[in-house]
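# Working through the structure, step by step
Given next are the chains, with one letter for each unit.
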Amino acid sequence: MRKTATTLADGRELLYFDDTEPYASGGATRELRDHRALPPTVVTSTMRQDVLTGEWITLASHRNSRTFLPSTADCPLCPTGPGGPATEIPAADYDVAVFENRFPSFARSAPDPATEHVDGEGIWSQRAAAGRCEVVCFTSDHDRGFAELSAARVRTVLAALVDRTRELSALPGITQVYCFENRGEEIGVTLGHPHGQIYAYPALPPRTEALLRQSRAHHARTGRVLLRDVLDAERRAGRRMVLEGRHWSGYVPAAARWPVELHVAPHRDVADLTELSDAELDELAAVYRDVLSRLDRFFDGVTALPYVAGWHQAPIGVGRELGRLHLQVFSPMRAPHRMKYLAGSESGMGAWISDATPEAITARLREVAPGGTGS
């Protein structure tokens, strides 16, 4: 694999990760010049702390003008073809490409608020949303989903995520790096091209804060790491195990909240993607495709299952020793074309009510394994 760095017309960084010849060996290079007349990216994001929960809320009103469900002909993530519209990727073709989001929630250029507190009232703290958001294009093929990629291409995507996790984790003020894919308009996807995103957060997200609270309490009681004990307990129980390999296991968590949910975790304790060995990454490329292909068959092909697939990585700095890498894949679709909406109890009170048992989810995910009885 070969990594090539360049910049787009407005100064944003663009990275190519090539795994095909003649580019992988350097025998040829991609067209790197972006000829568009782009105005500078203006980021207005700030963060305000919700005094009632302690959570940081990001205000990013400039994202309201982002591209929304363009036609395939106008897709900004496709290659810039001859005679076609100029896109975010100024090359006639590419393998994997990563670039800074033009409509980021977090950016290094995010302005500092005029004051430390909203309206000068000490009860409401505010700060700059000074992180970074990147887009990861898995393939130049607009119609090829992640599960349809070759194992070699998935391996390249993983190499790109490793590279970006390493680079973004080294930026000043970053607390955690989250790599994820949203699939399906039901999830809120605004671009149909197969792609993911990477968020480098300037403050720990609420889920990570909650995990650290639980992990600290567990460690104080037992001296052990909570996520390690969860994996070991699921493997011992076996009832919710979906797959087991030499380096990775996949299971439905005992308290799964989504209609479809699966966690994939390494057998070895690692903090983030950068700590995985080549052998672990090689097996993960196959496991990743396996997991996502099961989602495609979950409803017997009646409809494509919308999902979020996100890598939970250990925090950077405080609490890192309590974190442990794992993938969470979930879908809010409870039946074909029927979504679970987060209504009064979930949205208003955060009191979750599940529409399926973890054991039933497990049974279906086993049934639709490659070579299984599912369609």
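In case you missed it, the structure is sitting above this.
Below you will find a few notes about this structure. (Residues numbered from 1 in each chain as written. Predicted model: local features only at pLDDT ≥ 70, side-chain atom pairs only at ≥ 80, totals over all residues. Heavy atoms only, no water.)

## Quick notes on the packing of aromatic side chains
Just so we agree on the cut-off: Here a Phe, Tyr or Trp ring, Trp counted by its six-membered ring, pairs with any other such ring whose centre lies within 6.5 Å, and the pair is stacked when the planes are under 30 degrees apart, edge-to-face when over 60, and tilted otherwise. Starting at the N terminus, helices and strands are each numbered in turn, a helix being any DSSP run of H or I of at least four residues and a strand any DSSP run of E of at least two. A simple rule labels every residue: compare its accessible area, found with a 1.4 Å probe on the protein chains alone, to the largest value its type can have, and call it buried under 20%, exposed over 50%, or partly exposed in between. The criterion is that NZ of a Lys, or CZ of an Arg, lies within 6 Å of the ring centre and within 35 degrees of the ring normal, and then a charge sits over that ring.
The tally for this structure, following the rule as stated, stands at 12 aromatic pairs. An angle of 15° between the planes, with centres 4.6 Å apart, marks the rings of W258 and F330 as stacked. A residue pair is termed long-range when its members are at least 10 positions apart, and W258 in the loop between β11 (248–251) and β12 (260–266) and F330 in strand β14 (residues 326–331) qualify at 72 residues. Taking the relative accessible area as the measure of exposure, W258 reaches 13% and is therefore buried. We classify F330 as buried; its relative accessible area is 14%. One residue, R127, lies across the ring of W56, its end atom 5.3 Å from the ring centre.

## A word on the packing of helix α2 (residues 206–222) against helix α3 (residues 226–237)
As a reminder of what qualifies: Interaxial angle, 0 to 180 degrees, is taken between N-to-C directions of lines fitted to C-alpha atoms, where a helix line uses only the stretch in contact. For classification, angles of less than 35 degrees are called roughly parallel, those exceeding 145 degrees roughly antiparallel, those between 65 and 115 degrees roughly perpendicular, and all remaining angles oblique. Between two residues, a contact is recorded if the distance between any of their heavy atoms is within 4.5 Å. Side-chain classes follow a simple rule in which Ala, Val, Leu, Ile, Met, Phe, Trp, Tyr, Cys and Pro form the nonpolar group, Asp, Glu, Lys and Arg form the charged group, and the remainder, Gly included, forms the polar group.
Packing of α2 against α3 leaves a shortest axis separation of 9 Å and a crossing angle of 80°. Taken together, the axes of α2 and α3 lie roughly perpendicular to each other. Contacts from L211, Q214, S215, H218 and T222 in α2 reach L226, L227 and D229 in α3. Residues belonging to the contact of α2 with α3 are distributed by class as follows: 3 nonpolar, 4 polar and 1 charged.

## Observations concerning the nonpolar core
Condition: By nonpolar core we mean a set of buried residues, namely Ala, Val, Leu, Ile, Met, Phe, Trp, Tyr and Cys, connected to one another through side-chain atoms within 4.5 Å.
Core analysis: the largest hydrophobic core is formed by 53 residues, its most contacted members being F146, Y288, L292 and W311. Among all residues touching Y288, those that are not within four sequence positions of it are F146, V154, L158, A309, W311 and L327. Among the nonpolar cores identified, the runner-up in size contains 15 residues, and A129, Y199, Y201 and W258 belong to it.

## A word on the sheet that holds strand β9 (residues 195–201)
Selection criterion: Strands were regarded as paired on the criterion that DSSP finds at least two bridges between them.
Read across the open sheet, the 11 strands follow the order β1-β2-β5-β7-β9-β8-β13-β14-β12-β11-β10; overall the sheet is antiparallel. Both edges of this open sheet fall to β1 (2–7) and β10 (241–244), since each of them pairs with a single strand only. Each adjacent strand pair in this sheet contributes to an overall mean axis angle of 15°, direction not counted. With 5 bridges joining them, β12 and β14 adopt antiparallel strand pairing. Within β14, the residue paired with V260 across the bridge is S331.

## Comments concerning empty space enclosed by the protein
Short version of the rule: Every definition here rests on a 1 Å grid over the protein atoms only: cavities are sets of points where a 1.4 Å probe fits but cannot get out, pockets are open sets enclosed by protein on both sides within 12 Å along at least five of seven lines, and lining residues have some atom within 4 Å of a point. Grid points are joined across faces, edges and corners, and a volume is the space filled by probe spheres set on the points.
Counted by the stated rule, this structure contains 3 cavities of 30 Å³ or more. Taken together, 13 residues make up the lining of the largest cavity; nearest its centre are F138, L161, F180, E181 and Y288. Elements that contribute at least two residues to the lining of the largest cavity include exactly α1 (151–169), β8 (176–183), β9 and β13 (307–312). Per-class residue counts for the lining of the largest cavity are 10 nonpolar, 2 polar and 1 charged. For the second largest cavity, the calculated volume is near 60 Å³. Together, Q176, T208, L211, L212, L227, H312, Q313, A314, P315, G323, R324 and H326 line the second largest cavity. Sort the elements by how many residues they give to the lining of the second largest cavity and α2 lands first, with 3 residues. Grouping the amino acids of the lining of the second largest cavity by side-chain chemistry returns 5 nonpolar, 6 polar and 1 charged.

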